[in-house]
Amino acid sequence: MPAHKYIDWGEDEDYILVALHATTESYRLAYLLNKYLKMQFYRTTYDQDVTMPECIAHYPVYKHEDLIYNIDYYLVPNKHYGMPVNTLSSGGLFNEIEVQEIKVTLIKEYKEVDYLLKISTDDTSYDVKAFTTALTKIPQVISAYQVNPQVIKQQD
């Protein structure tokens, strides 16, 4: 299987990973982050395509660039419903192809998490606790907390 690297997610860069639990769609969550935290998330031109054994998943990526503090924020859903790679006929009366969406998770170690927010910064004094507290004040966000990126086993 070919390796796919996350968009702008370099291996040697410093970043903070925040998990979000929210029941809203990704575009709506980006809008709410813009509204409540005065950010400017926009959808990137290219989605993050990940080839998995059961399907090809296209994860939308939203980005916010803080030029003053030189921080980039990336919002990516952790769950995706994708179409299977190979679909066989059901053998029914009319030989119609039944296509069922498959639920796949981007980072399997955090399969309960709805969204991942990557904060790319070199600043070691970035206040993650204050940021996650601000995130939880958004009505549609159930919880937000920092996760350890070292726990993630997959290298792609």
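Residues numbered from 1 in each chain as written. Predicted model: local features only at pLDDT ≥ 70, side-chain atom pairs only at ≥ 80, totals over all residues. Heavy atoms only, no water.

Student: An account of the side chain of Thr-24 is requested, with residue identities and associated values reported.
Tutor: One can find Thr-24 in the loop between strand S1 (15-22) and helix H1 (26-37). By relative accessible area, Thr-24 is classed as buried at 16%. (Helix = DSSP H or I, 4+ residues; strand = E, 2+ residues; numbered from the N terminus. Buried < 20%, exposed > 50% of the residue type's maximum accessible area, 1.4 Å probe, protein only.)

Student: Explain the pattern of salt bridges to me, and be specific about the residues and the numbers.
Tutor: Side chains that carry opposite charge are capable of pairing whenever their charged atoms lie near each other. Using the criterion set out here, one finds two salt bridges in the structure. The salt bridge involving Asp-114 is made with Lys-79; its shortest N-O contact spans 3.2 Å. Within this pair, whereas Asp-114 is found in the loop between strand S8 (102-105) and strand S9 (115-120), its partner Lys-79 is found in strand S7 (residues 79-82), the two being separated by 35 residues in sequence. Using a relative accessible area of 26% as the deciding quantity, one classes Lys-79 as partly exposed. (Salt bridge = Lys/Arg side-chain N within 4 Å of Asp/Glu carboxyl O.)

Student: Give me the confidence of the model for the chain: which residues, what numbers.
Tutor: Taken over all residues, the pLDDT of the chain has a mean of 81, while the share at 70 or more is 78%. When mean pLDDT is compared element by element in the chain, H1 scores highest at 95, while strand S3 (residues 48-51) scores lowest at 73. pLDDT under 50 marks residues 1-5. Its contacts with residues more than four places away, or in other chains, come to ten contacts. (pLDDT = per-residue confidence, 0-100. Contact = heavy atoms within 4.5 Å.)

Student: Let's hear about helix H2 (residues 128-136): which residues, and what values?
Tutor: Of all the residues in H2, the buried ones are Val-128, Phe-131, Thr-132 and Leu-135. Down the axis, H2 shows its buried residues gathered within 95° of arc, on one side only. Residues of H2 that are buried sit in contact with S1, H1, strand S6 (71-77), S9 and strand S10 (141-147). (Arc of directions from axis to C-beta.)

Student: Tell me about the nonpolar core, residues and numbers included.
Tutor: Ranked by size, the top nonpolar core spans 24 residues in total, and within it Leu-20, Phe-41, Leu-75 and Leu-135 carry the most contacts. Those elements giving two or more residues to this core turn out to be S1, H1, S6, S9, H2 and S10. Aside from chain neighbours lying at most four places away, what touches Leu-135 is Val-18, Leu-20, Leu-33, Leu-37, Leu-117, Val-141 and Ala-144. Counting 18 residues, the second-largest nonpolar core is a separate cluster that includes Val-50, Ala-57, Tyr-59 and Val-113. (Core = buried A, V, L, I, M, F, W, Y, C linked by side-chain atoms within 4.5 Å.)

Student: Can you lay out unusual backbone geometry for me, pointing to particular residues and giving the numbers?
Tutor: A negative phi angle is the norm for most residues apart from glycine, just as the trans form is the norm for most peptide bonds. A positive phi angle is found at Lys-38, which is not glycine, with a value near 55°. Among the structural elements, Lys-38 can be located in the loop between H1 and strand S2 (42-43). The class of Lys-38 is exposed, set by a relative accessible area of 70%. A positive phi angle, near 55°, is found at Asn-70, a position not held by glycine. Overall, Asn-70 belongs to the exposed group, its relative accessible area being 62%.

Student: Any details on the packing of aromatic side chains? Residues and values, ideally.
Tutor: Summed over the entire model, instances satisfying the criterion amount to two aromatic pairs. An angle of 35° between the planes, with centres 5.7 Å apart, marks the rings of Tyr-73 and Phe-131 as tilted. Placement of the pair is Tyr-73 in strand S6 and Phe-131 in helix H2, with a sequence separation of 58 residues. Each member of the pair, Tyr-73 as well as Phe-131, carries the same accessibility label: buried. Aromatic rings pair up to connect Tyr-73, Tyr-126 and Phe-131 into one cluster. (Phe/Tyr/Trp six-rings, centres within 6.5 Å; stacked < 30°, edge-to-face > 60°.)

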